Amino acid sequence: MPASQFNSPGKIRPDGTVHLTGTIGLAEPGKEAEVRFLIVQNDVIVEGRGRGESGSDSWSGRSDAECEQLQEGPAMAIGLGLVSRDSKPGVGFQTVTWSAQIELERRGEND
């Protein structure tokens, strides 16, 4: 199975949400992967979610809420990917988890 990863840097938007992108090692024709992630920086933990692009191994997502406590600099990102499989054999769910040290940067609205 291909490796899943976060692209670095993650972008802290002016509204306080964080935008992450990456690749995901899940492939099911015609299906979009669902991605859940955590960003951990010191004592701050932020949840987020994203979607994979159908027919591609890339994904993008945003934190569920603004978090003004996140700062520019290193953070740990933890990901969970999920896709349903309805082709035989192997009907069910396929999941993948991964983690990586990433950098966070503040970005403007159009970055």
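Predicted, not measured: the structure shown is a model, and the values here were computed from it. (Residues numbered from 1 in each chain as written. Predicted model: local features only at pLDDT ≥ 70, side-chain atom pairs only at ≥ 80, totals over all residues. Heavy atoms only, no water.)

### Things to note about the packing of aromatic side chains
Here is step 1 of the chain: For the structure on display, the rule yields four aromatic pairs.
Here is step 2 of the chain: Arranged with centres 5.4 Å apart and planes meeting at 40°, the rings of Phe6 and Trp98 form a pair that is tilted. Of this pair, Phe6 sits in strand E1 (residues 5-6) while Trp98 sits in strand E8 (residues 92-106); the two residues are 92 residues apart in sequence, bridging distant segments of the chain.
Here is step 3 of the chain: A relative accessible area of 9% places Trp98 in the buried class.
Here is step 4 of the chain: With a centroid separation of 6.3 Å and 65° between ring planes, the pair formed by Trp59 and Trp98 is classed as edge-to-face. Of the two residues, Trp59 sits in strand E6 (residues 58-63) while Trp98 sits in strand E8, which places them 39 residues apart along the sequence. This pair shows no difference in class: Trp59 is buried, exactly as Trp98 is.
Here is step 5 of the chain: In this structure an aromatic cluster arises from ring pairing among Phe6, Phe37, Trp59 and Trp98. (Phe/Tyr/Trp six-rings, centres within 6.5 Å; stacked < 30°, edge-to-face > 60°. Helix = DSSP H or I, 4+ residues; strand = E, 2+ residues; numbered from the N terminus. Buried < 20%, exposed > 50% of the residue type's maximum accessible area, 1.4 Å probe, protein only.)

### Some words on the nonpolar core
Here is step 1 of the chain: By size, the foremost hydrophobic cluster in this structure holds 22 residues, and its most contacted members are Phe6, Leu20, Ile24, Ile39, Trp59, Leu70 and Leu104.
Here is step 2 of the chain: Elements that contribute at least two residues to this core include exactly strand E3 (18-23), strand E4 (34-41), strand E5 (44-52), strand E7 (73-85) and E8.
Here is step 3 of the chain: Per-element accounting of this core gives the leading share, four residues, to E8. (Core = buried A, V, L, I, M, F, W, Y, C linked by side-chain atoms within 4.5 Å.)

### Examining the pattern of salt bridges
Here is step 1 of the chain: All chains considered together, the criterion is met by five salt bridges.
Here is step 2 of the chain: Note that Arg51 and Glu32 form a salt bridge whose closest N and O atoms lie 3.6 Å from each other. Of this pair, Arg51 sits in strand E5 while Glu32 sits in the loop between E3 and E4, and the two are 19 residues apart along the sequence.
Here is step 3 of the chain: Two residues, Glu105 and Arg107, come together in a salt bridge whose shortest N-O distance is 2.7 Å. (Salt bridge = Lys/Arg side-chain N within 4 Å of Asp/Glu carboxyl O.)

### Description of the environment of Asn7
Here is step 1 of the chain: Considering the arrangement of structural elements, one finds Asn7 in the loop between E1 and strand E2 (10-12).
Here is step 2 of the chain: For Asn7, a relative accessible area of 31% gives the class partly exposed.
Here is step 3 of the chain: Aside from chain neighbours lying at most four places away, what touches Asn7 is Thr21 and Gly22. (Contact = heavy atoms within 4.5 Å.)

### What to know about the pairing of E7
Here is step 1 of the chain: In terms of strand pairing, E4 meets E7 through seven bridges, oriented antiparallel. Within E7, the position partnered with Leu38 by the bridge is Ile78.
Here is step 2 of the chain: Bridge analysis of E7 against E8 gives 13 bridges, and the strand direction is antiparallel. When the sheet's bridge partners are listed, Gly73 is paired in E8 with Leu104.
Here is step 3 of the chain: Hairpin remark: E7 followed by E8, antiparallel, with six residues in the connecting loop; positive phi at Gly90, about 100°. (Pairing = 2+ DSSP bridges.)

### A short note on unusual backbone geometry
Here is step 1 of the chain: In the segment running from Ser8 into Pro9, the intervening peptide bond is cis, with an omega of 10°.
Here is step 2 of the chain: Residue position: Pro9 is located in the loop between E1 and E2.
Here is step 3 of the chain: A positive phi is found at Asn42, a non-glycine position, where the angle reads about 55°.
Here is step 4 of the chain: On the secondary structure map, Asn42 appears in the loop between E4 and E5.

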